[in-house]
Amino acid sequence: MDGNDQTCPKCKTTKYRNPAMILMVNACGHALCESCVELIFAKGSGACPECKCALRRQNFRIQLFEDPAVDKEVDIRKRILKEFNKRQEDFSTLREYNDYLEEVENIIFNLVFDVDSTNTNKMIDNYKKENKDITMKNRNRQSQEEIELEELLEAEKAQQSEKANSYVNAELEEKKQKHKAREKLIDELMFSDADAKSIVASHVQATAALAKEQPKAAAQAGGPVVKSSKFSSGIQIGLRQNTSSFLPIPKQQDLPLFHYSAPVFDYNGPSPPAIEVLGKLKYFANIRAANATERAGGYTEALSCCRALQEAMGGLFYIPQSGHKTAVAASAEETDDMETA
Amino acid sequence: MLELKHALDAKGHCLLEMPSGTGKTTTLLSLIVAYMKAHPLDLTKLVYCSRTVPEIEKVMEELRKLMNYYEKEMGMEQNILGLALSSRKNLCIHPSVSKEREGKVVDGRCYGLTASFVRARHAGDDAVPVCNFYEGFDAHGKEFPLPPGVYNLDDLKEYGQAKGWCPYFLARYTITHANIVVYSYHYLLDPKIAEVVSKEISKNSVVVFDEAHNIDNVCIDSMSVKITKRLLDKASNSIQILETTISNMKENDNRRLEKEYQRLVEGLRDANIARETDMALVNPVLPSEILEEAVPGTIRTAEHFVAFLKRVVEYIKTRLRVQHVVQESPAGFLRDIHIKVCIDRKPLRFTAERLSSLIRTLEISDLTDFSPLVTVSHFATLVSTYTKGFTIIIEPFEDRAPTVSNPILYFSCLDSSIAIKPVFNRFQTVVITSGTLSPLDMYPKILDFHPVIMTSFTMTLARPCILPMIVSKGNDQVAMSSRYETREDTAVIRNYGNLLVEVAAAVPDGIVCFFTSYLYLETIVSSWYDQGIIDQLQRHKLLFIETQDAAETSLALINYIKACDNGRGAVLLSVARGKVSEGIDFDHHLGRAVLMFGIPYVYTQSRILRARLEYLRDQFQIRENDFLTFDAMRHAAQCLGRCMRGKTDYGIMILADKRFSRADKRSKLPKWIQEHLKDTNCNLSTEECVQISKRWLRQMAQPFSREDQLGISLLTLEQLQSEEMQKKIQQRAQAA
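Residues numbered from 1 in each chain as written. Chains lettered and ligands numbered in written order. Predicted model: local features only at pLDDT ≥ 70, side-chain atom pairs only at ≥ 80, totals over all residues. Heavy atoms only, no water.

### Things to note about the overall build of chain B
Then step 1. For chain B, the helix and strand inventory stands at 35 helices and 19 strands.
Then step 2. Relative to its length of 736 residues, chain B is compact, with a C-alpha radius of gyration of 28 Å against a globular reference of 27 Å.
Then step 3. Overall, the C-alpha framework of chain B stretches about 85 × 70 × 50 Å when taken along its three principal axes.
Then step 4. Taken over 736 residues, chain B has a buried fraction of 56%.
Then step 5. Partitioning the intrachain contacts of chain B with sequence separation of at least 6 by distance along the chain shows that 80% fall at a separation of at least 24.
Then step 6. Carbon and sulfur atoms make up 51% of the accessible area of chain B, which totals about 31,400 Å². (Helix = DSSP H or I, 4+ residues; strand = E, 2+ residues; numbered from the N terminus. Rg over C-alpha atoms; globule rule 2.2 N^0.38 Å. Buried < 20%, exposed > 50% of the residue type's maximum accessible area, 1.4 Å probe, protein only. Contact = heavy atoms within 4.5 Å. Areas by Shrake-Rupley, 256 points an atom, 1.4 Å probe, with all protein chains shown as cover.)

Here is the structure:
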């Protein structure tokens, strides 16, 4: 328990026997205690006693985790993630991003377990070349998540210090007030000529009123005054408050273009003459011609004539069927009934 | 009843304080059942949540009586199905599994016999054991629903035995169409269990939380996680098991892993569909965003996920290696884990879901060993989901033993409303009730809901059968108090001792005493021993002491009851917030007097409590002192309520602390106690207290028959229908 079973694989010292022992790890992920490191790597470089790979002394670090393999993995991961730092924003769909993440994970996995290392290294190099720009750009950019976290932390800090202060002040104030009230009561009892009972009663009333007021005031204030993070216009104060710096432009949807087609009327009778030919057919002979004022308003005799003709001819071919009435007839009858009623 | 009906009509939530022993359960059951019969469309189901198995059984008894009454009066079979549900441990009838003592083991073994892949294997190979009862249920049980009636746990078992069906799965299956379901809080409040059991309860149900004075703590516990070093070591072991299983599977049969992989690429859509159609209770552990998205690529394949888990566990291990207490917010934790081991927030959020999927794919039948790892995964999901209302506290050692290194990581929920919110949102009426809910206005605040009705009821009594008194000083006029400054004072301890001795001499049968903590109990008893008070006490009564050990305590309780039954009389020294104060009744001669030594404040130095107080202050504008007093007084009231379990019962309640007489404490007692607490009894000395109790006991000891109660606290049918009474009822209804 408690890391006491950690042993240096070289000299077999345990943490239990030597509490000051510090284990170190290098790139290969094998642990060594500090004194062994000094012994073996006195020259500055040497081979790992377990896997015989060449190591430099400078690269030894203190082992953070209980399992040295995890140390190694985290080390590799940090190195790889420096290069592979694309964000979700760089991909068009979530699926692609997830595929990319898995790819990265595969690479790390291969490096950690030394599977297919030549190919993997090649892949890394390729990627480096191809994505130089994005990598550089992303290095200076924080991901959305990180920004969110930072903001939260900042807000927490600000809130904490402020609230703590204001509450302490409020409590002190309250105590002071109570103390004052009590002293006032004693003073009054000592020096005033009024009846002691009435003085006490008025004091009790005053304190009750005060007690009633206080929670109300506290509720109104909403606790301590919260420092506003917005201007009155609603724009936020401070850096990085706005997660998106530009308003998104609402995307317009493309609808098919509108095509005009003349409406087709179903007269259910002989088709009346068209409005253009009415004059030629001398229909206007029996109709009052439109006067100047009417024409100025857009009215011509043709309009009313055409309308009258349509009404006259519409529905002439209609035959009511005795067995089942069509919907039109039924509705017509209904209106008739209404009228008669 | 009137208030309850109002709440049902309004389809809102309500908060009712009703004294214990006045027929709370019967009232709730009869009205809601009647309402269900009258408006079958508005109200389809009653979910009654209680705390312990004996309490569940009691509710089932009441329900059975009610149903019998219905049958007698209406003369026909009632078409109502009521059943109780408990854990597998209480319901299992498998010959070998049911012999297991521990609940977790039973669950694990049951899973090992009934999981779908085990049964599939059984179909191919008869040597693989399965549970015959579950097979029976699966083959026939689903077609034949349980006939209407009332089933408690034993009935279910009997029915299961007769039919050869598993009673546990039968009960769980029947929940969906039963009219009345009685089970424990956890089935509704603990998100991990609620997801499995209570998911499909329809929206127009009434939920009743009985004995709910501690409901906020239940909510908080269900969302909090405690991680110790040992748990992490066990989690590491199970990760190793996962690793070997995966590599085995890769060699033998890769198809299943691939299938899982394909499914994860598609995302967790199924669950989302259920939620959108409002079929399921929202699970706070499984936030909605997760359901909409696919599992992130970093943890999609099984090996990557195991490596990911390893990193998480190792990271937490390094965090536990601290020398001093650390407190940080989830946001800080997330940032640190990102820097140290490069884990983003998003994959963390998926951990719990991904782990359960992996375990399912690997077909691991023994789940008991994996519970530490599951705990860690819950922690990971919670910490990355909630940035507010939670805090992380890492303590390198316990407060009591600062030299022994025992690092613990507490991920503690500060906001009790998070766990209960889905319940309030989903169900049309939630009734929260208990004998002691005062002060009522605190509950809506800390649970963050708006009740339509909030009432505290008193008792109508034929005689003053409780005698609450506040004893503030001893015979020598030294103030009695358990304040920190004076609690070591020998004069105070001696006064407490004298009070107990004199009360023991005056009161017959059983006396129960409550102390503020185990530590305080032990110090007081040792100094009483030195002062010779124990000897004096034993001249009158036998002495029993509650300890932290459950077995020892139950032994003490059995003997205490024995001593009370045979007339020898006994004193039980116990602790507020302990096992005795919650759920054990001392009715009639078992508790003729309750003494409360000191105000049972919580241990205020605990960091978790501090964090919670701060949160309450910042979020809900509840002041520290208000909450502490509220918490102390509800526990005090709970202790006092132990001796009063019905209208024929009687008991003395002595509050032995000067601070109880202050208005802010007194006003927080339940109304039914306050009613009997006269001003003259608020500042007594030991002697006066004994005088008053003697007189009162003489009065109470008079024979008390049913006829005495008639017309006052008990009405016959004729009296109820009399014009005078009807008028009274009308008036009440209009006033309300």
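Let us keep going from here.
### A word on the domain arrangement of chain B
Then step 1. Looking at the assigned domains, one finds that chain B contains domain 1 (21-211), domain 2 (223-416), domain 3 (469-515 + 524-574 + 591-601 + 646-702) and domain 4 (705-735).
Then step 2. For domain 1 of chain B versus domain 3 of chain B, the separation of C-alpha centres amounts to 42 Å. (Domains from an automatic or database assignment.)

### A look at the sheet that holds strand β2 (residues 31-33) of chain A
All names here are of chain A.
Then step 1. An order of β2-β1-β5 is seen for the three strands of this open sheet, with the pairing classed as antiparallel. With partners counted over all chains shown, the strands left at the sheet margins are β2 and β5 (61-62), one partner each.
Then step 2. In terms of strand pairing, strand β1 (residues 23-25) meets β2 through three bridges, oriented antiparallel. Counted as the bridge partner of M24 is L32 from β2. (Pairing = 2+ DSSP bridges.)

### So, helix α13 (residues 229-252) of chain B
Then step 1. An ideal rise of 1.5 Å per residue puts 34 Å on 24 residues; α13 of chain B measures up with 35 Å between its terminal C-alpha atoms.
Then step 2. Restricting attention to buried positions, one finds in α13 of chain B the residues K229, L231, L232, A235, S236, S238, I239, L242, I246 and M249 of chain B. (Expected span 1.5 Å × (residues − 1).)

### Notes on the sheet that holds strand β9 (residues 390-395) of chain B
Residue and element names in this part refer to chain B.
Then step 1. Strand order in this open sheet of four strands is β7-β10-β9-β8, and the pairing throughout is antiparallel. The outermost strands of the open sheet, each flanked by one partner alone, are β7 (225-228) and β8 (326-328). Sheet twist, expressed as the mean angle between neighbouring strand axes with direction ignored, is 10 degrees.
Then step 2. As paired elements, β8 and β9 share three bridges and run antiparallel to each other. Within β9, the position partnered with Q327 by the bridge is I393. (Axes fitted to C-alpha atoms, helices over the stretch in contact; angles between N-to-C directions.)

### Some points on the packing of helix α12 (residues 215-223) of chain B against helix α22 (residues 417-426) of chain B
Angle between the axes and distance between the axes are the two parameters that describe a pair of packed helices.
Residues and elements named next belong to chain B.
Then step 1. Viewed as axis vectors pointing N to C, α12 and α22 meet at an angle of 105 degrees, and their least axial separation amounts to 8 Å. In terms of orientation, α12 lies roughly perpendicular with respect to α22. Together, I215, C219, S222 and M223 of α12 and I418, A419 and I420 of α22 make up the contact between the two elements.
Then step 2. By residue class, the composition of the contact of α12 with α22 is six nonpolar, one polar and no charged. (Parallel < 35°, antiparallel > 145°, perpendicular 65-115°, else oblique. Nonpolar A, V, L, I, M, F, W, Y, C, P; charged D, E, K, R; others polar.)

### Overview of the interface of chain A and chain B
Then step 1. Contact with chain A, which involves 35 residues of that partner, is made by 43 residues of chain B.
Then step 2. When chain A packs against chain B, close to 3,700 Å² is buried across both sides, 54% of that on carbon and sulfur atoms.
Then step 3. For chain A, the biggest contributors to the area lost against chain B are E66, E102 and L149 of chain A; these three give 15% of the whole.
Then step 4. There are eight salt bridges connecting chain A and chain B.
Then step 5. The salt bridge involving R311 of chain B is made with E73 of chain A; its shortest N-O contact spans 3.3 Å.
Then step 6. Scanning the region where chain A abuts chain B turns up 13 residue pairs in polar contact (both at pLDDT 80 or more).
Then step 7. Looking at the side of chain A that touches chain B, the elements that each hand over two or more residues are α2 (68-83), α3 (94-113) and α6 (144-191) of chain A.
Then step 8. If one sorts the elements of the side of chain A that touches chain B by residue count, α6 of chain A sits on top with 11 residues.
Then step 9. Class assignment of the residues belonging to the side of chain A that touches chain B gives a composition of 13 nonpolar, five polar and 17 charged. (Buried area = accessible area lost by both parts, 1.4 Å probe. Salt bridge = Lys/Arg side-chain N within 4 Å of Asp/Glu carboxyl O. Polar contact = N/O pair within 3.5 Å; in protein donor to acceptor, adjacent residues only side chain to side chain.)

### Structural notes on the confidence of the model for chain B
All names here are of chain B.
Then step 1. Averaged over every residue, the pLDDT of chain B is 86; residues scoring 70 or more account for 96%.
Then step 2. For the stretch residues 271-282, pLDDT sits under 50, and the model shows 27 contacts to residues farther than four places along the chain or on other chains.
Then step 3. As scored by the predictor, the complex reaches a pTM of 0.77 and an ipTM of 0.72. (pLDDT = per-residue confidence, 0-100.)

### A short note on the nonpolar core
Residue and element names in this part refer to chain B.
Then step 1. In terms of nonpolar packing, the biggest core is built from 164 residues, with Y183, F209, L242 and I432 touching the most fellow members.
Then step 2. The element contributing the most residues to this core is helix α17 (residues 302-320), with 10 residues.
Then step 3. Two domains each donate at least three residues to this core, and these are domain 1 (21-211) and domain 2 (223-416).
Then step 4. Excluding anything up to four places from it in sequence, Y183 contacts V47, Y48, C49, S50, I56, L85, I175, L188, V197, S198 and I201. (Core = buried A, V, L, I, M, F, W, Y, C linked by side-chain atoms within 4.5 Å.)

### As for the packing of aromatic side chains
Then step 1. All told, the structure shown has 32 aromatic pairs over all chains when counted by the stated rule.
Then step 2. Pairing F41 of chain A with F60 of chain A gives two aromatic rings, centres 5.0 Å apart and planes at 65 degrees, and the pair type is edge-to-face. Within this pair, whereas F41 of chain A is found in the loop between α1 (34-40) and β3 (45-47), its partner F60 of chain A is found in the loop between β4 (54-56) and β5, the two being separated by 19 residues in sequence. F60 of chain A shares its class with F41 of chain A; the two are buried.
Then step 3. For the pair F333 of chain B and F379 of chain B, a centre-to-centre distance of 5.5 Å together with 75 degrees between the ring planes defines the contact as edge-to-face. (Phe/Tyr/Trp six-rings, centres within 6.5 Å; stacked < 30°, edge-to-face > 60°.)

### Re the environment of G591 of chain B
All names here are of chain B.
Then step 1. Considering the arrangement of structural elements, one finds G591 in the loop between β16 (570-575) and β17 (593-597).
Then step 2. Overall, G591 belongs to the buried group, its relative accessible area being 0%.
Then step 3. Counting along the chain gives 78 residues from G591 to C513, while the straight-line C-alpha distance between them is 9.9 Å.
Then step 4. The residues contacting G591, other than those within four sequence positions of it, are G510, F586, C643 and Y650.

### Comments concerning the pattern of salt bridges
Then step 1. For the coordinates displayed, the defined rule picks out 50 salt bridges over all chains.
Then step 2. Measuring nitrogen to oxygen at the nearest pair gives 2.8 Å for the salt bridge that ties R300 of chain B to E102 of chain A. One end of the pair, R300 of chain B, is in the loop between α16 (288-292) and α17; the other, E102 of chain A, is in helix α3, on a second chain. Each member of the pair, R300 of chain B together with E102 of chain A, is buried.
Then step 3. Among the charged side chains, a network of salt bridges with common partners joins E66 of chain A together with K229, D233, E314 and K317 of chain B.

### Some remarks on the pairing of strand β11 (residues 429-434) of chain B
Residues and elements named next belong to chain B.
Then step 1. Among the six residues that make up β11, six are buried, leaving the element largely enclosed by the rest of the structure.
Then step 2. Burial along β11 is two-sided: the residues T429, V431 and T433 and V430, I432 and S434 are all buried.
Then step 3. Relative to β11, strand β1 (residues 13-17) runs parallel, the two sharing four bridges. Looking across to β11, one finds that C14 is bridged to V431.
Then step 4. Pairing geometry for strand β6 (residues 205-209) and β11, over four bridges, is parallel. Within the sheet, the bridge partner assigned to F209 lies in β11 and is I432.

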